[in-house]
Amino acid sequence: MPFDDDADVDAHVGAQADANPAAARPRRLHRVAVLALPEVIPFELGIPHRIFGRANDADGSPLYEVVTFGTRPGQLLRTQADFQLYVEHGPEVLAEADTVLVPAAYEPPRLYSEGLLPEEVAEVFRQVRPGTRLASICTGGYVLAAAGLLDGRPATTHWHWAEHFQRLFPAVRVDPEVLYVDDGDVLTSAGVAAGIDLCVHMVRRDFGAAVANDVARRSVVPPHRDGGQSQYIRRPVPEPQLATTTAARAWALGHLHEPIQLRDMAEQESMSVRTFTRRFREEVGVSPGQWLAQQRVERARHLLESSDLSMEGVAREAGFGTAQSMRGHVQGALGVSPTVYRRTFRTGRVG
């Protein structure tokens, strides 16, 4: 229908809004408030902006709003790099924050020596709304612990600091091995790249696998690393003159749907089972059996998200044999049954 003038257009739009009030209202973005403290590590401060800022819906519209804030507006902060950081916003952003994320910073000093927060930082957490999700990257977990937000909860931090963290905050159940811990409304991660894994995991939790996988592709990072994966591998890059287990792992990934014995993997590298097992653990950080179970859970996750296979079909393709066997492994790794996982994280889910 043609319109004669702007008044007709306005009237038409108004009529549509009256007919569908929800369509007329702009969608509220999930606000992530990132706390910048003195001596913040710029890399880790930038992770939330990079990951959440890349998350779009099917129409290309952003799903998150990421806002950096300090203990007061207009702060000029020292960083761990050779530049300072001007932080425009203060704690007023917490009034509409859905997630508050704390990256690593090396001040205030009493935080690391005595587990105490300065009053202005403690005041920040008093302003966080009930129900707001909290998260930390690396030693940002010290801030959450000092605020009393990790007492009685499982948590992690960079492996180098884990023992000190546990001594300083004995009420926290520290797991020094894992990449990140998701305890519902509070999440913590190990250092540096584990912060990327945590943020991608949060996108996956908020908006589903399709959105998280798109973020990962655009950021050129793995679409998923399980939080329980070891964060410290004794020999991450094998010495050049030594044989590796790379070919065996590649072979196993191509045969996940088949029964795989340890000797089958060892034969791919022409090693004895004993030598292969030792070399595998040195390179990967877990035993071949643990790694194989992780890969099968990951294959099952992918099939549950992206296919219409029955539970028995998914179990066969992932190498579990039966749906009952798969259920035990998936429940143990993810904390939910395959049926619940498929319903929650099916490809295309938004919001």
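Anything mentioned here points back to the structure above.
Residues numbered from 1 in each chain as written. Predicted model: local features only at pLDDT ≥ 70, side-chain atom pairs only at ≥ 80, totals over all residues. Heavy atoms only, no water.

Caption draft 1: Up close: the environment of glutamate 123. Mapped onto the fold, glutamate 123 is located in helix H5 (residues 119-126). By relative accessible area, which is 31% here, glutamate 123 ends up partly exposed. Sequence spacing of glutamate 123 and threonine 71 is 52 residues, and the spatial spacing of their C-alpha atoms is 8.4 Å. (Helix = DSSP H or I, 4+ residues; strand = E, 2+ residues; numbered from the N terminus. Buried < 20%, exposed > 50% of the residue type's maximum accessible area, 1.4 Å probe, protein only.)

Caption draft 2: Local environment of the packing of helix H10 (residues 246-254) against helix H12 (residues 273-284). Packing of H10 against H12 leaves a shortest axis separation of 10 Å and a crossing angle of 90°. When the axis of H10 is compared with that of H12, the two are roughly perpendicular. Packed against H10, whose contacting residues are Thr246, Ala248 and Arg249, the element H12 presents Phe276, Phe280, Glu283 and Val284 at the interface. Here the contact of H10 with H12 is composed, by residue class, of 4 nonpolar, 1 polar and 2 charged. (Axes fitted to C-alpha atoms, helices over the stretch in contact; angles between N-to-C directions. Parallel < 35°, antiparallel > 145°, perpendicular 65-115°, else oblique. Contact = heavy atoms within 4.5 Å. Nonpolar A, V, L, I, M, F, W, Y, C, P; charged D, E, K, R; others polar.)

Caption draft 3: The arrangement of the environment of alanine 155 in detail. Inspection of the secondary structure assignment puts alanine 155 in strand S7 (residues 154-155). Residues alanine 155 and valine 172, spaced 17 residues apart in sequence, show a C-alpha to C-alpha distance of 6.9 Å. When residues no more than four places from it in sequence are discounted, the contact partners of alanine 155 are Leu150, Val172, Arg173, Val174, Asp175, Val181 and Thr188.

Caption draft 4: Region of interest: the pattern of salt bridges. Inspection of the entire model under this criterion finds 20 salt bridges. The partner of glutamate 120 in a salt bridge is arginine 72, and the shortest N-O contact between them spans 3.5 Å. With glutamate 120 in helix H5 and arginine 72 in the loop between strand S2 (64-69) and strand S3 (75-78), the pair connects residues that are 48 residues apart, well separated along the chain. The exposure class assigned to glutamate 120 is partly exposed, which follows from its relative accessible area of 41%. Arginine 204 is the salt-bridge partner of glutamate 305, the closest N and O atoms lying 2.2 Å from each other. Of the two residues, glutamate 305 sits in helix H13 (residues 288-306) while arginine 204 sits in helix H8 (residues 193-207), which places them 101 residues apart along the sequence. Judged by its relative accessible area of 4%, arginine 204 is buried. Sharing partners across several salt bridges, the network here consists of Arg28, Asp98 and Arg129. (Salt bridge = Lys/Arg side-chain N within 4 Å of Asp/Glu carboxyl O.)

Caption draft 5: Inspection of the nonpolar core at higher detail. Core analysis: the largest hydrophobic core is formed by 69 residues, its most contacted members being Phe52, Phe125 and Val203. In terms of residue count, the dominant contributor to this core is H8 (8 residues). In this structure valine 203 touches Ile51, Phe52, Ala55, Tyr64, Gly208, Val211, Ala212 and Val215, once residues within four positions along its chain are discounted. In terms of nonpolar packing, the next biggest core, distinct from the first, is built from 13 residues, Ala266, Met271, Phe280 and Val284 among them. (Core = buried A, V, L, I, M, F, W, Y, C linked by side-chain atoms within 4.5 Å.)

Caption draft 6: Summary view of the pairing of S2. Counting buried positions over the 6 residues of S2 gives 5, a clear majority of the element. Alignment of strand S1 (residues 30-35) against S2, held across 6 bridges, turns out to be parallel. Bridging across to S2, histidine 30 finds its partner in tyrosine 64. In this region the chain leaves S1, passes through helix H3 (residues 42-52) and returns to the parallel neighbour S2; the handedness of that crossover is right-handed. (Pairing = 2+ DSSP bridges. Right-handed = clockwise from strand over helix to strand, strands pointing away.)

Caption draft 7: Spatial organisation of the sheet that holds strand S9 (residues 180-182). The strand order across the open sheet formed by 6 strands is S2-S1-S5-S6-S10-S9, and the pairing between neighbours is mixed. Edge strands, defined here as strands with exactly one partner in the open sheet, are S2 and S9. Strand-to-strand twist of the sheet, defined as the mean angle between neighbouring strand axes without regard to direction, takes the value 15°. Pairing analysis gives 3 bridges linking S9 to strand S10 (residues 186-189), with the strands arranged antiparallel. Bridge pairing in S10 places aspartate 182 opposite leucine 187. The sheet strands contacting H8 are S1, S2, strand S5 (99-102), strand S6 (133-136), S9 and S10, and the helix crosses S10 at an angle near 150°.

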